[in-house]
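# Results of the structural survey
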Amino acid sequence: MGRMKDGIETDNARPALFSAVLERLAKEMERVEKAAKGVEQESFRILSMYLKSILVFLEELRHKEVADPVAMHIALMELEQELEKAHHLIKKYGSKSKFYLVVKCQECLKEMEDIVHAIGHCLDAIPVVNVGLAVKTQEMITKLSSDMRTAQFKASISEEAILVEIADGVRDGQNNYEYANDLLLQLGQAAGVSTDPTCLKSELDKLKRDKEDAGAQGNQEEFWLLEQIVDILIRTDAATSTIEKGVNYQKKRGSGRWDDPLLPLQSFYCPITHEIMEEPVEIASGQIFERSAIEKWFSAGNANCPTTKIELENLQIKLNLALKQSIQEWKERNIVISIAATKTKLQSSDESEICSSLRTLLALSEEKSIHRHWISLEGLIPCLVSLLKSHQRTVRKGTLEVLRSLSVDNAENKQIAVAGAIKLVVKSLARDVGEGRQAVALLRELSKNSEICDEIGKVQGCILLLVFMLNAENPHSVGDAKKLLHDLADSDQNIVQMAEANYFEPLTQRLNEESLRSKALCLVMASALSHMELTDQSRIALAQQGGIPPLVEMLSVGKMEAKVAGLGALKNLSTPPANREILLKTGVISPLLQLLFSETSVTASLKESAAATLANLAMATTAELDMYGSILNSNETLFQLLSVVNRAGPVTQGHLLRAFLGMSSIPNATEVRNKLREGGAIQLILPLCEFTADNVRLHTLQLLKCLTSEGAGDDLADHLWSTYIKALVNLLLDSSKDDERMAAVGIICNFPTNNTHLTDLLLQADALPAILNLLLPTKGTKMGSWANRSAMTESAAGVLLRFTSPVNSNAISLQQKAADLDAISCLVQLLQTGTPVVKCRAATALSHFSRNSDRLASKVVASRSCCLRPWFNSHTSTRCSIHEGLCSVKTNFCLVMANAVGPLVQALEEQEQGADEAALNALNTLLVDDTHLESAIKVIAEAQGIRNIVRLLTAGSVGAKERAVMMLEKIFRIEEYKVEFGSTAQMPLIALTQTGSIATRPVAAKVLAHLNILHNQSSYF
């Protein structure tokens, strides 16, 4: 460190001098720091940050005692000198354009790096030891000094790339529009300048001033560089306004009518290639050649001029800018002529001529961006749009491709929309694959303009067609359609249309946004969703994409309008079974119940929606309800729901009844059914059977049928009045709905069979003819599905058993009433057409009738022998082979006269639901009386029944085997049948003596004795 200059004469003056320098330095540094912040380059921002940190250090230093003021004074003076250099650098570059800072960035960064390093060294030289600085400050200044001394300032990748591009362009003498446009846009991107033409033009004008300043300052090297760069950039149209482009185009076009292109001048041709030159260069002889051609000539070892053959002084080549510009202007003039000439061709009726012109325009548009402006300025866009109305597919497809090319990165593409193209382009979306691909690509480019994007969304059917296109095979079409839909999703109405077309991604994204604005939009989306007609597949897709949780949240924390919208949407989404688990997982049950139980703030319509949603969810499995929150998780909840049913309107009542039905009708929901019974649900809902509202009555009937199953009919019997029974019977007779009749007959079937009072009430209500009408409906009666008919017939057959049962005290009287209504013939027919359950019940009912046939047959014979002949002839009775008298179906319920034996034998082959055992019981009633046993066996044998009975020894149930053995014990008493069927029955009977039931084994042994297989003294007896 050098000695202090003259001027410090006494030790007392030294602290004062130090303080003055420190104060002056701090002020200057603050000024420089602010100035550095104003230069729009990263290195100056970094310098500003460094200086700001130094200011903190200087501020603390002002309040400290310095041990060595002389050394401190020297260090601060040197820091002040470097700060002055930094200030000079800021002044040098602070007034320059952003483009200049990029072009000269390497030089600027080198100067900045040197200054920062120098300031860092000055900081390191400041004597801070024993000054009393805070430890944190000492550490900060040490690190700052180190960082500044080692700081490196490098150009960014984009800056380095643009410098290479500029060097290549200057070297090659580039002066075409395309290159100039690309260079200007790259320069703007590197400098952080907007691509707006006004901004680019402003910075370009500043760069021109920077060039003039360099010339005025005598900096010829910088002036020459900037002049070359400006010469390239002034050819660009990216910084040219629409008006300027129009003026420039008219200058090129002129006012004449052009049909043929201008011929090139002879000087445009290369003497070597005989082709028009791209890069004309001049050699030492003054001759001009194409650069690539002359370079090849020289590289072949030639040192003379190809034209004059004169030996050249040197092999240097120089770009002839004037000739290159003339060639470029000639080419552009001919392109303008070519563009102008296509207008009449586009209006031709010749398809080939139109397509040729379209190919010309497409090639020009793809070649250079300036050509797109020229095509637009020539007024061709309206002509092109009119071609979209063509009936020729190739014309439409070619036109779409040209319009798409014209709209690429073109702020003036609004002309296409103004010319009425959008609706025509949307029509092309629905045409063939190739045309649709071009149409969606065009719409995608147009949508980059926000105003045009809004217009696209308003075209009817556009969004639907775009959604369809998401399933296209062409990946480019899919990509463009998806991007276009993303652009259109800025509009709420468009999002709704997308959802209606089964594209839910924008909708679910909007629902899950968290901003305040989005909350309002969520309300709009949810409201739209609540009124949307969706397929189950669409509902499932929406739920899987995350649409349900935000809707549930709206129920919990939203205002009333949010609850209405959210609940409406959830109601819509809750119908598919696949969505129920998602809804239950999100905890929707609790807010639904809160809405239902609210006494004040909830409207009736909101309760109706809550009840409908709950009913949809109640169709979930019991396991799902248990896992994610059972609806009936407490008795209190049950009582509250029943209370709501009691006082709600018919719509809410119907939904809640459906909810109870859904929860209780699942086979493994025994606990739910028991809770409802214990909670008094049967007593509460029974009066609703007479309700006029269809949905209430139907769900009431179905729920009662469910709750009275499993032998729980006694719970209902205590509350059944004659009016209720009459109402149920009337439904069987009068209701036009199969579901209602099926539920009503199911409830009657569940009545306890031992309750004679109910039987009397049913007779009084004319239930018996109603039941028989269900079993065999009259011709013309409308019936529902096979499943409904089967279920209804099974229940009706169960009810009929009530009237045929022998346990009734007035059994014969009840059977007679049924027989008079042709019940027996009805039962015989059911044996042949019914389900296994129906066959079982029909056979059981026939066995009930047949038990009294013998007794009634003897009464008939006795009564007829005492009566007059006319009375006898009035009854169509026939002599029965079993009862050995005159029998009839209605007088003594004879199975033979009813032709029931054959169908009963056929029923022996039905092993499901106990039909075979019931048929055996019915046939066995014919064998009860030993006096006509042989006749009865003969009837069964003639119906091929013995073979089926033997078969049941191995194939039947335990009960069927037991009954079959008992019947065979009687049958094999007859020698004829023992011989015919004994060998077949032998092995099954032996097996039964070992594996049969306790009751079966001795009887089987007895049969084997009949067959002489066992002795009567066998231990089996």
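Thresholds applied
- Residues numbered from 1 in each chain as written.
- Predicted model: local features only at pLDDT ≥ 70, side-chain atom pairs only at ≥ 80, totals over all residues.
- Heavy atoms only, no water.
- Helix = DSSP H or I, 4+ residues; strand = E, 2+ residues; numbered from the N terminus.
- Buried < 20%, exposed > 50% of the residue type's maximum accessible area, 1.4 Å probe, protein only.
- Areas by Shrake-Rupley, 256 points an atom, 1.4 Å probe, with all protein chains shown as cover.
- Pairing = 2+ DSSP bridges.
- Contact = heavy atoms within 4.5 Å.
- Axes fitted to C-alpha atoms, helices over the stretch in contact; angles between N-to-C directions.
- Phe/Tyr/Trp six-rings, centres within 6.5 Å; stacked < 30°, edge-to-face > 60°.
- Salt bridge = Lys/Arg side-chain N within 4 Å of Asp/Glu carboxyl O.
- Polar contact = N/O pair within 3.5 Å; in protein donor to acceptor, adjacent residues only side chain to side chain.
- Parallel < 35°, antiparallel > 145°, perpendicular 65-115°, else oblique.
- Left-handed = near helix turned anticlockwise from the far one by under 90°.
- Nonpolar A, V, L, I, M, F, W, Y, C, P; charged D, E, K, R; others polar.
- Core = buried A, V, L, I, M, F, W, Y, C linked by side-chain atoms within 4.5 Å.
- pLDDT = per-residue confidence, 0-100.

## Topic: the overall build of the protein
Check the secondary structure of the protein and you find 57 helices and five strands. Looking at the protein residue by residue over its 1021 residues, the buried ones come to 51%. In the structure as shown, the protein presents an accessible area of about 48600 Å², 50% of it carried by carbon and sulfur atoms.

## Topic: the sheet that holds strand β2 (residues 288-290)
The strand order across the open sheet formed by three strands is β2-β1-β3, and the pairing between neighbours is antiparallel. Two strands lie at the open edges of the sheet, namely β2 and β3 (318-319), each paired on one side alone. Across the sheet, helix α12 (residues 291-299) lies against β1 (280-282), β2 and β3, angled at about 95° from β2, the strand it touches most. Across the sheet, helix α13 (residues 321-346) is in contact with β1, β2 and β3; its angle to β1 comes to roughly 160°.

## Some thoughts on the packing of aromatic side chains
Tallied over the entire structure, the rule returns four aromatic pairs. Their ring planes at 75° and their centres at 5.1 Å tell us that Phe849 and Phe893 sit as a pair that is edge-to-face. Of this pair, Phe849 sits in helix α47 (residues 836-850) while Phe893 is found in the loop between α50 (889-892) and α51 (901-907), placing the two residues 44 residues apart along the sequence. One exposure class covers both Phe849 and Phe893, and it is buried. Chaining the aromatic ring pairs together yields one cluster made of Phe44, Tyr93 and Tyr100.

## Looking at unusual backbone geometry
Most peptide bonds take the trans form, and the phi angle of most residues other than glycine is negative. In this model, His274 sits at a positive phi of 60°, which is unusual for a non-glycine residue. Following the sequence through the fold, His274 ends up in the loop between α11 (242-253) and β1. Looking at His274, the relative accessible area reads 59%, which means it is exposed. In this structure, Asp822 is a non-glycine residue whose phi angle is positive, near 65°. Take Asp822: it is sitting in the loop between α45 (811-820) and α46 (823-833).

## Brief notes about the pattern of salt bridges
Scanning all chains against the criterion turns up 42 salt bridges. Here Lys201 ties to Asp205 by a salt bridge, and the two come within 3.6 Å at their closest N and O atoms. Residue Lys201 and its partner Asp205 are located together in helix α9 (residues 197-216), separated by four residues, close to a single helical turn. In this structure Lys201 comes out as partly exposed when scored by relative accessible area, which is 31%.

## Some details on the environment of Ser664
Note on placement: Ser664 falls in helix α35 (residues 650-664). Looking at Ser664, the relative accessible area reads 0%, which means it is buried. For the pair Ser664 and Cys706, spaced 42 residues apart in sequence, the C-alpha separation works out to 7.1 Å. There is a polar contact of 2.7 Å between the side chain of Ser664 and the backbone oxygen of Phe660.

## A short note on the environment of Gly959
Inspection of the secondary structure assignment puts Gly959 in helix α55 (residues 958-971). Residues Gly959 and Ala918, spaced 41 residues apart in sequence, show a C-alpha to C-alpha distance of 9.6 Å.

## Here's the deal with the packing of helix α31 (residues 589-597) against helix α34 (residues 635-647)
Look at α31 against α34: their axes get within 10 Å of each other, and the N-to-C directions meet at 45°. Between α31 and α34, the interaxial angle falls into the category oblique. The way α31 lies across α34 gives a crossing that is left-handed. Contact residues: α31 offers Leu593, Leu596 and Phe597, while α34 offers Thr637, Gln640, Leu641 and Val644. Taken together, the residues that form the contact of α31 with α34 break down as five nonpolar, two polar and no charged.

## Things to note about the nonpolar core
Ranked by size, the top nonpolar core spans 229 residues in total, and within it Phe751 and Leu904 carry the most contacts. Counting 71 residues, the second largest nonpolar core, distinct from the first, contains Leu22, Met29, Tyr50 and Val170.

## A few points about the packing of helix α14 (residues 351-367) against helix α17 (residues 393-407)
Viewed as axis vectors pointing N to C, α14 and α17 meet at an angle of 20°, and their least axial separation amounts to 9 Å. One way to sum up the angle between α14 and α17 is to call them roughly parallel. In this structure, α14 crosses over α17, and the sense of that crossing is left-handed. Residues Glu351, Ile354, Cys355, Leu358, Leu361, Leu362, Ser365 and Glu366 of α14 form the contact with α17, whose own contacting residues are Thr394, Val395, Gly398, Thr399, Glu401, Val402, Arg404, Ser405 and Leu406. Residue composition of the contact of α14 with α17, grouped by class: eight nonpolar, five polar and four charged.

## With respect to the confidence of the model for the protein
Residues with a pLDDT of 70 or more make up 89% of the protein, whose mean pLDDT is 84. This stretch, residues 1-12, has a pLDDT under 50; its non-local contacts, to residues over four places away or in other chains, come to 13 contacts.

## A word on helix α57 (residues 1000-1010)
Every buried residue belonging to α57 is among Thr1000, Val1003, Ala1004, Ala1005, Val1007, Leu1008 and Ala1009, and all of these are buried. In this structure, the buried side of α57 is in contact with α55 and α56 (975-995). Directly beyond the C-terminal end of α57, a positive phi value near 65° is found at Asn1012.

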